[in-house]
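Next come the chains, spelled out residue by residue.
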Amino acid sequence: DRLVTGVQTCALPISVEVSAAIQDRAGNRPEDAISFGFATAIPQLTDTVPPADSTDVSVDVDLRAIFDAPLLTAALGADAVQVLGEGVRLDLEDPGTVFINNDSTLSFEVAEGLEPGTQYEVILTGRLAGPLRAVNDGDFSWRFSTPVPRMESVFPASRPVDVSPA
């Protein structure tokens, strides 16, 4: 019995065929080749930080995408993660996107940080979840916004006050 390890497959259909030329220790051989197939799970986006459609997100938040299965780390290239601020693509912090939790969570930050009163969209390539996701369902995405700052108080007081020049 042998187990193939070290091959990361994500949402891939896999076929295994055992040749009729292979025999066991007693010399027994199948009359025909034996084959079977299976597919690994297609990772699904289960949670995001900040949550999708949030409107009061702190400008200090670390962006995360949490999946229910490991992602295809080989698909993490320059265009794998995009963050748009008001429709404009923003640069990510170096070293860029980081996998955590056994490759099922992506963590990333905008290089210049988030700005108050801004609408954001995060787009993750569907290739991170394997070729079946990329072809059938496309990219992952979610939106959020940071609040517009509100004036809490003013100084001096907002009522008319005689102020003498210095």
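Note: the structure precedes this text.
Here is what the cut-offs are and how they apply
Residues numbered from 1 in each chain as written. Predicted model: local features only at pLDDT ≥ 70, side-chain atom pairs only at ≥ 80, totals over all residues. Heavy atoms only, no water. Pairing = 2+ DSSP bridges. Helix = DSSP H or I, 4+ residues; strand = E, 2+ residues; numbered from the N terminus. Axes fitted to C-alpha atoms, helices over the stretch in contact; angles between N-to-C directions. Phe/Tyr/Trp six-rings, centres within 6.5 Å; stacked < 30°, edge-to-face > 60°. Buried < 20%, exposed > 50% of the residue type's maximum accessible area, 1.4 Å probe, protein only. Lys NZ or Arg CZ within 6 Å of the ring centre and 35° of its normal.

**Q** Would you take a moment to explain the sheet that holds strand β3 (residues 45–49) for this structure?
**A** Sheet strands pair by backbone hydrogen bonding; their relative direction is either parallel or antiparallel. Strand order in this open sheet of four strands is β3-β4-β8-β7, and the pairing throughout is antiparallel. Of all the strands in the sheet, just β3 and β7 (98–100) have a single pairing partner and so form its edges. Pairwise comparison of adjacent strand axes, ignoring direction, gives a mean angle of 20° for this sheet.

**Q** In this structure, what is going on with the packing of aromatic side chains? I would like to understand it.
**A** How two aromatic rings sit relative to each other is set out by the distance from centre to centre and by the angle between their planes. Here the structure, examined in full by the defined rule, presents two aromatic pairs. Aromatic pair F67 and F140: ring centres 5.0 Å apart, planes at 80°, arrangement edge-to-face. Highlighted residues: F67 in strand β4 (residues 63–67) and F140 in strand β10 (residues 140–145), separated in sequence by 73 residues. Measuring from ring centre to ring centre gives 5.3 Å for Y120 and F144, while their planes differ by 20°; the resulting arrangement is stacked. Here Y120 is found in strand β9 (residues 119–124), whereas its partner F144 is found in strand β10, with 24 residues between them in sequence. Looking at Y120, the relative accessible area reads 3%, which means it is buried. The ring of F140 has R133 sitting right over it, with the charged end atom 3.8 Å from the ring centre.

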